[in-house]
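Summary of the model geometry
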Amino acid sequence: MKTKLLLKKLSAYFPKKIADSRDYIGIQVNKIKEETNTIFLCLDFDEITYDYIIKNHLEDKIDLIITHHPFIFGKKSKVLKFDEKKRLLYEKMEQLNIPIYSYHTNFDTGKNGMNDALAESLDLQNIKQLQLEPMARGGELKEEMDVIEFSHYALEKLKVDYGTLINEGKKRIKTVAIIGGGGWHSYEIAQKENYDIFISGDIPHHGRRGVVTSKYNFLNVPHEVERIFMPQMEKVLKSINSDFEILSLNHEDLPLLICNKSNCISLK
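Calculation notes
- The residue count restarts for each chain, going from 1 along the sequence in the order it is written.
- Per-residue local features of the predicted model are confined to residues with pLDDT of at least 70, and side-chain atom pairs are confined, for both listing and counting, to 80 or more; whole-chain, interface and lining totals are unaffected and use all residues.
- Side-chain metrics rest on all non-hydrogen atoms present in the structure, leaving aside hydrogens and water.
- We define the nonpolar core as a collection of buried residues of types Ala, Val, Leu, Ile, Met, Phe, Trp, Tyr and Cys that are connected through side-chain atoms lying within 4.5 Å of one another.
- With a 1.4 Å probe rolled over the protein chains alone, any residue whose accessible area is under 20% of its type maximum counts as buried; one over 50% counts as exposed, and the rest are partly exposed.
- Here, residues are in contact when the closest pair of their heavy atoms is within 4.5 Å.
- Secondary structure elements are taken from DSSP: a helix is a run of H or I of four residues or more, a strand is a run of E of two residues or more, and numbering for both begins at the N terminus.
- Helices are assigned an expected span. That span is 1.5 Å times one less than the residue count.
- What the arc measures is the spread of directions leading from the helix axis to the C-beta atoms.
- The pairing criterion for strands is at least two bridges between them, as found by DSSP.
- To get an axis, a line is fitted to the C-alpha atoms, and for a helix only the part in contact is used. The angle between two axes follows their N-to-C directions and goes from 0 to 180 degrees.
- By definition in this entry, angles of less than 35 degrees are roughly parallel, angles greater than 145 are roughly antiparallel, angles of 65 to 115 are roughly perpendicular, and the rest are oblique.
- A clockwise turn of the near helix away from the far one marks a right-handed crossing, whereas an anticlockwise turn of less than a right angle marks a left-handed crossing.
- In this classification, the charged set is Asp, Glu, Lys and Arg, the nonpolar set is Ala, Val, Leu, Ile, Met, Phe, Trp, Tyr, Cys and Pro, and all remaining amino acids, among them Gly, are polar.
- Here, two cysteine sulfur atoms that lie within 2.5 Å of each other are counted as a disulfide.

What follows covers the nonpolar core. Burial of nonpolar side chains together is a common tendency in soluble globular proteins. Ranked by internal contacts, the top residues of the largest apolar core, which has 45 residues, are Leu 10, Ile 66, Phe 150, Ile 199, Met 233 and Leu 237. In this structure, Leu 237 is in contact with Leu 6, Leu 10, Ile 39, Leu 41, Ile 66, Phe 244 and Ile 246, ignoring residues within four places of it in sequence. One finds Cys 42, Tyr 50, Tyr 90 and Leu 247 within the second-largest nonpolar core, a separate group that totals 20 residues.

In a regular helix each residue adds 1.5 Å, so twelve residues correspond to 16 Å; helix 10 (residues 229-240) covers 17 Å between its end C-alpha atoms and thus fits that length. Looking at helix 10, one finds that the buried residues are Phe 229, Met 230, Gln 232, Met 233, Val 236, Leu 237 and Ile 240. One side of helix 10 holds all its buried residues, which, seen down the axis, span an arc of 170°. On its buried face, helix 10 sits against helix 1 (3-13), strand 2 (38-42), strand 3 (64-67), helix 5 (105-109), helix 6 (114-121) and strand 11 (245-249).

A few words now on the sheet that holds strand 7 (residues 164-167). Spatial strand order, 5-6-8-9-10-7: six strands in an open sheet with mixed pairing. Across the chains shown, the open sheet's two edge strands, defined by having one partner strand only, are strand 5 (125-129) and strand 7. Each neighbouring strand pair of the sheet contributes to a mean axis angle of 25°, computed without reference to strand direction. Across three bridges, the pairing between strand 9 (residues 197-200) and strand 10 (residues 217-220) is parallel. Directly across from Ile 199, in strand 10, lies its bridge partner Leu 219.

What follows covers the packing of helix 1 against helix 10. Closest axis-to-axis distance for the helix 1/helix 10 pair is 11 Å, and the angle between their directions is 125°. Considering their axes alone, helix 1 and helix 10 lie oblique with respect to each other. Helix 10 is crossed by helix 1, and the crossing has right-handed handedness. Where helix 1 abuts helix 10, its residues Leu 6, Lys 9, Leu 10 and Tyr 13 lie against Met 233, Val 236, Leu 237, Ser 239 and Ile 240. Looking at the contact of helix 1 with helix 10 residue by residue, the classes come out as seven nonpolar, one polar and one charged.

Inspection of the entire model under this criterion finds one disulfide. The disulfide that involves Cys 259 links it to Cys 264, with 1.5 Å between the sulfurs.

Interhelical geometry of helix 2 (residues 47-55) versus helix 4 (residues 84-96) gives an angle of 30° and a closest axis separation of 11 Å. As the angle between them shows, helix 2 and helix 4 are arranged roughly parallel. As for the relative orientation of helix 2 and helix 4, their crossing is left-handed in sense. For the pair helix 2 and helix 4, the contacting residues are Glu 47, Tyr 50 and Ile 54 in the first and Lys 85, Leu 89, Lys 92, Met 93 and Leu 96 in the second. Tallied by class, the residues present in the contact of helix 2 with helix 4 amount to five nonpolar, no polar and three charged.

Right, here's the structure in full:
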């Protein structure tokens, strides 16, 4: 398939105009090839991803690498000047002549993107964008749950082993809002729009204190829930052209959780 046509069709799902104005999406290194048949997907392109491609002799097979997180986040000249590891990897990719293209906050916000996929994985009903935060998705559980029960349920559905819960709000959960990654700051919008709990990640101490004093529920999950990017993007790509060969690497394991028993609630 002509690569320009592929990117045009993807832009119908994830247009650049819906990305955060501070984001660095699009082409990251090298020029796109005229034809694309084999696409490699990953959450982040890093040294591990590069080594995997070389070890498996994929460098002559891959026409396009699509990542979620931008390979170069910032002004390219500045990043390559001050980040030696990134510069060396950038130069290696130039030698391979494989283009890297990133869909980040436009994928998070767009229809059939990250947050639609996360909301669907929770089996929410009546999924919709939040009115004041179009990146977030909200919906309803089929059955109301206790907040602790729901938290275990959510971790299982999101395929992560642990999370941290602030349960200062309602004790029964029916409505849920979610943003993958580091969208913690939108908890105030979710509370204002009457969702019983908000799910996101990367919440700092001052954010936790804000949730507590707001008397709200917040389930903090690892950023790695965004690994759903690979199967979701594959689904979109296959809808565009079922003949695409899609390769991917899910290499981002969760850090080990070290926990005192008095602070842990486990189903086991």
